[in-house]
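Below are the chains, spelled out letter by letter.
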Amino acid sequence: GSPLALGYGGESDNANDNEDGGENGANNSNRPVILLATSIDSTSMFHDLSPGANNAASNTLTLLLAAQLVGSSVKDDVLDSLYGQIVFGFFQGESYGYIGSRRFLKDVLEGFQCTEGNEGVPSVYKKKDEANTQRGCLHPLRADLTFQNLGQVRGMIAVDQVANLGGSKNLYVHGGAATDGESGYAGFLSEVIVELSASDEGGYVAQASSVQDQEDDDGVSPLPPTPLSSLVQLSSSAVGGVVLTGYDDVFVANSLYHSHLDSASSKYQTIDKDAIASAATLIARTAIAAAYQDANNEVDSETASNYASQLIPEPVSSSSATFTTLYKCLFEDGNCETFLSYGTVERTNDALRTGSDLGMGVPLGTPPSYYTSIYDSSNGQAFLRASGKYYGSLMVDEAGKDTEPVKKYGVDDEDVFLVRPSLLEMSIFGLLNNYLGRGSFVEQSEDGSEQDAPALATCKSTKDCSSVSYCNLESSPSTTPTCAGGSCVCGARSHYHPALDEALTAAANVGTGMFEIGEEDEGISALYTEPYWSNYVGVRVYNDAGNTPGVYASSLGAVFALACIGFVWRFKKTMVKEKVY
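Report follows, based on the coordinates. Predicted model only: the values in this text are computed from it and were never measured.

Digging into the pairing of strand 2 (residues 9-16)
So, point 1. Among the eight residues of strand 2, eight are classified as buried, and the element is accordingly described as predominantly covered.
So, point 2. In this structure, strand 2 lies alongside strand 16 (residues 494-500), joined through seven bridges in antiparallel fashion. The residue of strand 16 that forms the bridge with Gly-9 is Leu-500.
So, point 3. Two strands pair when backbone bridges link them, and strand 2 and strand 4 (residues 85-91) are joined in this way by four bridges, in the antiparallel orientation. The residue of strand 4 that forms the bridge with Asp-13 is Phe-90.

Spelled out as structure tokens, the structure:
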């Protein structure tokens, strides 16, 4: 039957600075990861009104701008020469127990175990013989196993609520040395941010939060509500990081955190665009400095900061075309032309790759609402098609719900993994490909002379980029041209990862929307679910007729009430006159 409730979730986005990376072509698994992370969801008492201006919207904008700054300022060969690898993580469902970051980090830190073997199977079976084909796991289902190639996470730089500074120009650095047992790296990150902010042209200054001097009953310093909490907890404080915020030990007055009033158009909320731009610049430069640090933490914060500033000399501007466009989409119109363009390209790319067009993802809305929603096939749950049947996950040694033997994946050449992310998730996916895919242009012409960055070819899908010659394929196979937002760039850097409570696993050999609770669940957070309103629920829906009928009804009611009062008054007067009252 139909499920009675579904867990919250969706698809988180992550992207690497370069897929292969490392000097002399060394695999990324040998390079420690610096994870730049934030949440892309919000909530409120009214789920369909979760604007998240100072939360999800500003967080997403800040990290996208940081990605754009890194991608436009630093070449891939320079990034590959650094000791660390930069990875951007946009996590879904963070408002409900950090489900996006916990799922991703648990898979990366603890080592994901696939039932059928960790090498997985081709996610598009008919492409099994192609080089570098994407692979997935049948159970627990993962549509993309690229995350297995990531190296050890060394630290995290997170961002939270930097759009409203309470009228000041003060940013705060939380976490630091207290998050990783004084090992040195997280403390280094904190020092770098403070050092870099000293040269901020807009006058915004980052300082260490006073919270670092406070501890709870367990001797742990509290952290802002960000993916860093997941990292510290899952690593038992062996790995830490920092959070850049717009508040110190408490949220600023009128931060409107998780309120339906947290909107850019609300008279109660104040959005500081320059603060967002300053935070994005700090995040980008800190990421470079973090990757520059060597294995023994022998590079001091001043040297690393100077190196980062030289690589990224120009800061983000709140008046730039990129800032203006993304601000409109994230704060005002979630169905903007830019998101629709990126979403259309990703939809087309995926349809050509898999042979199935799942349509456009669930829109962000106008005005935007960042509620994560339930987790099913229409809202980000990955699933697979095997021999013409659809499953949430697959185990060939067990029978399906109709007791018939389940056919092995790959019996039919049309077997494939499928996923339909939301429009926001699809747009972030494409934007990251665009921003990070500009560092591998061919720098020399055939005669050996230097050449400027090329004019990007236009496209409707990746197949239109097959004749592009400006991507340096010799440096890395990951720079194969791909279409992102209508332009051919070098390399598909983005990947999806399921955002679902770690206690839940898609049930095997049945359709989507059915889950099992794992016996080894540690119960770290509450298991959030929502009633499942299927087509079979007896609900009658009426069209919204607007205010006019109500005005007419109220007016007629008022007239009728006055008439009744007048009638009673005259009737009483008549009865008194006739001496019967």
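Continuing now.
What about a nonpolar patch on the surface?
So, point 1. Taken together, the side chains of Met-45, Phe-46 and Leu-49 define a hydrophobic patch exposed on the protein surface, amounting to about 340 Å² of accessible area.
So, point 2. Looking at the element boundaries, Phe-46 is found in the loop between strand 3 (33-39) and helix 1 (53-73).
So, point 3. Taking relative accessible area as the criterion, Phe-46 reaches 38% and is therefore assigned partly exposed.

Structural notes on the sheet that holds strand 12 (residues 389-391)
So, point 1. With antiparallel pairing, the three strands of this open sheet are ordered in space as 12-11-13. The outermost strands of the open sheet, each flanked by one partner alone, are strand 12 and strand 13 (416-418). Each neighbouring strand pair of the sheet contributes to a mean axis angle of 30 degrees, computed without reference to strand direction.
So, point 2. Bridge count between strand 11 (residues 383-386) and strand 13: three bridges; the pairing is antiparallel. Pairing of Leu-384 across the sheet is with Phe-417, part of strand 13.

Observations concerning the layout of surface pockets
In this approach, a probe sized like a water molecule rolls over the atoms, and the result shows the empty space that is left.
So, point 1. Its boundaries defined by the atoms lining it, the second largest pocket holds a volume of some 860 Å³.
So, point 2. Taken together, 32 residues make up the lining of the second largest pocket; nearest its centre are Arg-103, Pro-140, Arg-142, Glu-502 and Thr-505.
So, point 3. Counted by class, the lining of the second largest pocket contains 13 nonpolar, eight polar and 11 charged residues.

With respect to the environment of Tyr-292
So, point 1. Along the chain, Tyr-292 falls in helix 6 (residues 273-292).
So, point 2. What makes Tyr-292 partly exposed here is its relative accessible area of 29%.
So, point 3. With 207 residues separating them along the chain, Tyr-292 and Gln-85 place their C-alpha atoms 9.3 Å apart.
So, point 4. Residue contacts for Tyr-292: discarding those within four places in its chain leaves Leu-82, Val-299, Thr-303, Ala-304 and Tyr-307.

Conventions we followed
- Residues numbered from 1 in each chain as written.
- Predicted model: local features only at pLDDT ≥ 70, side-chain atom pairs only at ≥ 80, totals over all residues.
- Heavy atoms only, no water.
- Buried < 20%, exposed > 50% of the residue type's maximum accessible area, 1.4 Å probe, protein only.
- Helix = DSSP H or I, 4+ residues; strand = E, 2+ residues; numbered from the N terminus.
- Pairing = 2+ DSSP bridges.
- Patch = residues over 30% accessible without salt bridge, like charges linked within 9 Å, V, L, I, M, F, W, Y side chains within 5 Å.
- Areas by Shrake-Rupley, 256 points an atom, 1.4 Å probe, with all protein chains shown as cover.
- Salt bridge = Lys/Arg side-chain N within 4 Å of Asp/Glu carboxyl O.
- Axes fitted to C-alpha atoms, helices over the stretch in contact; angles between N-to-C directions.
- 1 Å grid on protein atoms, 1.4 Å probe; cavity = no way out; pocket = protein on both sides within 12 Å on 5 of 7 lines; lining within 4 Å.
- Points joined across faces, edges and corners; volume = space filled by probe spheres on them.
- Nonpolar A, V, L, I, M, F, W, Y, C, P; charged D, E, K, R; others polar.
- Contact = heavy atoms within 4.5 Å.

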